[in-house]
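Structural features, examined
For reference, the chains in residue letters:
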Amino acid sequence: MTKSVRYQKGQLYPEHSAWFVRYRERRRQQDGSIKNERRSKRLGSMQDYPTKSEIEPVRIAFMQKVNSGQVIADECMTLLEFVEAVYLPWAQTELRASTHKGYREIWENHMSGRVGEIRVREFRTVHASRMLRAIAGEHNLRKSSLQHIKSVLSGIFTHAKNEGAFDGANPVQGALIPNSARESGETYAYNLAQILRILNVLPLLPQAVVATASLAGLREGELRGLEWPDYTVEQLSVNRSAWREFVNKPKTRASRQPVPVIPKLATILDAYRASMHHPSTGVMFHHGNGERMDMDKLAQRVIRPAVQAIGLQWYGWHGFRRGIASNLYALGANEKTVQRILRHAHPHVTKERYIKAFDPSVVEAMERLQATVELLEGCPATGQQVPNQVRAKLLNNRAGEMAEWLKAAVC
């Protein structure tokens, strides 16, 4: 016989100048059993809802969630209960599959055993700081990895505030990354000469993939998501990003902008298309069976050995994306233009993380300084002597403070 479902109305009552509702909630115990527990939820202040009739719609909406079987977040929950029952299910629904997987791994590997038993309402900045110090001491992680862990925990409390399980300032934001943690390693960008050398030693399919990554700047997931209708001789439309079996839209609105195709890239893509008997539909880069190419395996089995064979190191797919940013900047493109080509939502990301080149004006200024030094020293590199009248012009008082400084330094 099927047991009927009991729908609760909830007992509404005032206390401490606020309205509360009392109800029962099914909770899983440590031994795995389910037990009904008595709970209370603050619905609002009596200043905002002076009469019972005004708070009644709030009670009805809340009890509908209780009766629908949804977990109701509240400040009495432990952080473990909130993350497992509320945050991670929300992340699975609202975020990309790859993002949800990364957040769950960070929670399970680094946080749940350290701070999971602390109640949400009792969590303080000191708990986050101690957690980060413990992780740094046990795993020797870089500061960037610790910052990522901190960001995930901060996002958990942001969601807790939105769900009504936490009030006040986010306690994670003030937590400090330990100074003893390792500094983040320097990222690398392939220059144009290195890219051409790599392209010259690759077979046609991996050559087409690397050319698209290095001459159009597409991300790894965007490379997997490309289909032939996205390509014209003039541009590549970025309509999707693929991770494992999941296919999504690109990560931001800016990421969905088309990318111009230069003739070098068009030549390689057209040759690759011809080798595939000129398809007009379907996945662009695949195994031969129409399934999307696994870029990690392609890099591991083909591209990385080829790169190492010509005396270069493999810096991952983002080495090509950073490469196009740095190469464009070195050729005179400004930061805004590079941002648009890489399709970043924020310009500081392009400047701080992708451009690996000196400002051309700085390089030019330093070259002029070197030329002046060589003139003052008599051009020892060329064996030429500076004419006396030129030396006098450089070193006279009217040449300014820089000339006087150079005179004192080299004479």
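Presented here is an overview of the structure given in this document. (Residues numbered from 1 in each chain as written. Predicted model: local features only at pLDDT ≥ 70, side-chain atom pairs only at ≥ 80, totals over all residues. Heavy atoms only, no water.)

With respect to the nonpolar core
Taken as a class, soluble globular proteins show a tendency for nonpolar side chains to be buried jointly. Which entries qualify depends on this criterion: Here the nonpolar core consists of buried residues drawn from Ala, Val, Leu, Ile, Met, Phe, Trp, Tyr and Cys, with membership extended through side-chain atoms lying within 4.5 Å. Accessible area is worked out with a 1.4 Å probe on protein chains only. A residue is then buried under 20% of its type maximum, exposed over 50%, and partly exposed in between.
Counting 39 residues, the largest nonpolar core has Met284, Phe285, Trp317 and Phe320 as its most contacted members. Val83, Tyr87, Met131 and Ala165 belong to the second-largest nonpolar core, a separate cluster that totals 32 residues.

Considerations on helix 12 (residues 335-342)
This is how the line gets drawn: Each helix is a run of H or I in the DSSP string that is no shorter than four residues. Each strand is a run of E no shorter than two, and both are numbered from the N terminus. Our arc is simply the arc of the directions from the helix axis toward the C-beta atoms.
By the burial criterion, the buried members of helix 12 are Val338, Gln339 and Leu342. Buried residues in helix 12, looked at end-on, bunch into an arc of 105°, giving them a common side. Facing away from the buried side of helix 12 by more than 90 degrees, the exposed set consists of Lys336 and Arg340. In the segment just after helix 12, Arg343 is the residue with positive phi, at about 65°.

Topic: the packing of aromatic side chains
Put simply, the test is: In summary, the pairing rule links any two rings of Phe, Tyr or Trp, Trp by its six-membered ring, whose centres are within 6.5 Å, and it sorts them by plane angle into stacked for under 30 degrees, edge-to-face for over 60 and tilted for everything else. Counted as over-ring charges are cases with an Arg CZ or a Lys NZ within 6 Å of the ring centre that also lie within 35 degrees of the ring normal.
Scanning the model with the defined rule gives 16 aromatic pairs in all. A connected cluster of aromatic rings, assembled from ring pairs, spans Tyr188, Tyr190, Trp314, Tyr315, Trp317 and Phe320. Positioned above the aromatic ring of Tyr13, the side-chain terminus of Arg22 is 4.2 Å from the ring centre.

Points about the side chain of His100
Note the threshold: Note on contacts: a residue pair qualifies if any of its non-hydrogen atoms lie within 4.5 Å across the two residues.
In this structure, His100 sits in helix 3 (residues 97-115). Look past the residues within four positions of His100 in its chain and what remains in contact with it is Leu88, Ala91 and Gln92.

Details of the side chain of Arg292
Definition in use: For this analysis, a polar contact is any N or O atom pair within 3.5 Å, provided that within protein one partner can donate a hydrogen and the other can accept it, and provided that sequence-adjacent residues contribute only side-chain to side-chain pairs.
Here Arg292 lies in the loop between helix 9 (263-275) and helix 10 (295-309). Here Glu227 takes part through its side chain, which lies 3.0 Å from a polar atom of the side chain of Arg292. Other than its neighbours up to four places away in sequence, Arg292 contacts Arg224, Gly225, Leu226, Glu227, Arg240, Ala242, Val247, Val283, Phe285, His286 and His287.

Description of the pattern of salt bridges
Using the following cut-off: Any Lys or Arg side-chain nitrogen found within 4 Å of a carboxyl oxygen on Asp or Glu counts as a salt bridge.
Evaluation of the coordinates by the stated rule reveals 10 salt bridges. For Glu56, the salt bridge goes to Arg59, with nearest N and O atoms at 2.4 Å. With Glu56 and Arg59 both in helix 1 (residues 52-67) and 3 residues apart, the pair spans about one turn of that helix. A relative accessible area of 22% means that Glu56 is categorised as partly exposed. For Arg59, a relative accessible area of 7% corresponds to the buried category.

Considering the packing of helix 7 (residues 204-215) against helix 9
How we decide: Axes here refer to lines fitted to C-alpha atoms; in helices the fit is confined to the stretch in contact. Angles between the N-to-C directions go from 0 to 180 degrees. The scheme is simple: roughly parallel for angles under 35 degrees, roughly antiparallel for over 145, roughly perpendicular for 65 to 115, oblique for anything else. In this scheme the crossing of two helices becomes right-handed for a clockwise turn of the near helix relative to the far one and left-handed for an anticlockwise turn of less than a right angle. Residue polarity follows a fixed list, in which Ala, Val, Leu, Ile, Met, Phe, Trp, Tyr, Cys and Pro are nonpolar, Asp, Glu, Lys and Arg are charged, and the others, Gly among them, are polar.
Where helix 7 contacts helix 9, the axes come no closer than 9 Å and their chain directions differ by 150°. It follows that helix 7 is roughly antiparallel to helix 9 by the angle criterion. Judged by the twist between their axes, the crossing of helix 7 over helix 9 is left-handed. Residues Leu204, Leu205, Gln207, Ala208, Ala211, Thr212 and Leu215 of helix 7 pack against Lys264, Leu265, Ile268, Leu269, Ala271, Tyr272 and Ser275 of helix 9. Its residues placed into classes, the contact of helix 7 with helix 9 shows 10 nonpolar, 3 polar and 1 charged.

Considerations on the environment of Ala266
The residue Ala266 is located in helix 9 in this model. Once you skip the residues sitting within four places of it in the chain, Ala266 turns out to touch Tyr231, Val233 and Val261.

A look at the packing of helix 7 against helix 10
Their axes nearest at 11 Å, the elements helix 7 and helix 10 cross at an angle of 120°. As summarised for this structure, helix 7 and helix 10 are arranged oblique, according to the angle between their axes. Between helix 7 and helix 10 lies a crossing whose hand is left-handed. Listed contacts from helix 10 to Leu205, Pro206, Val209 and Val210 of helix 7 are Met295, Leu298, Val302 and Ile303.

What to know about the environment of Met276
By the element assignment, Met276 lies in the loop between helix 9 and helix 10. Here Met276 falls in the partly exposed class, since its relative accessible area comes to 27%. For the pair Met276 and Gly288, spaced 12 residues apart in the sequence, the C-alpha separation amounts to 9.1 Å.

Geometry only, nothing functional implied.
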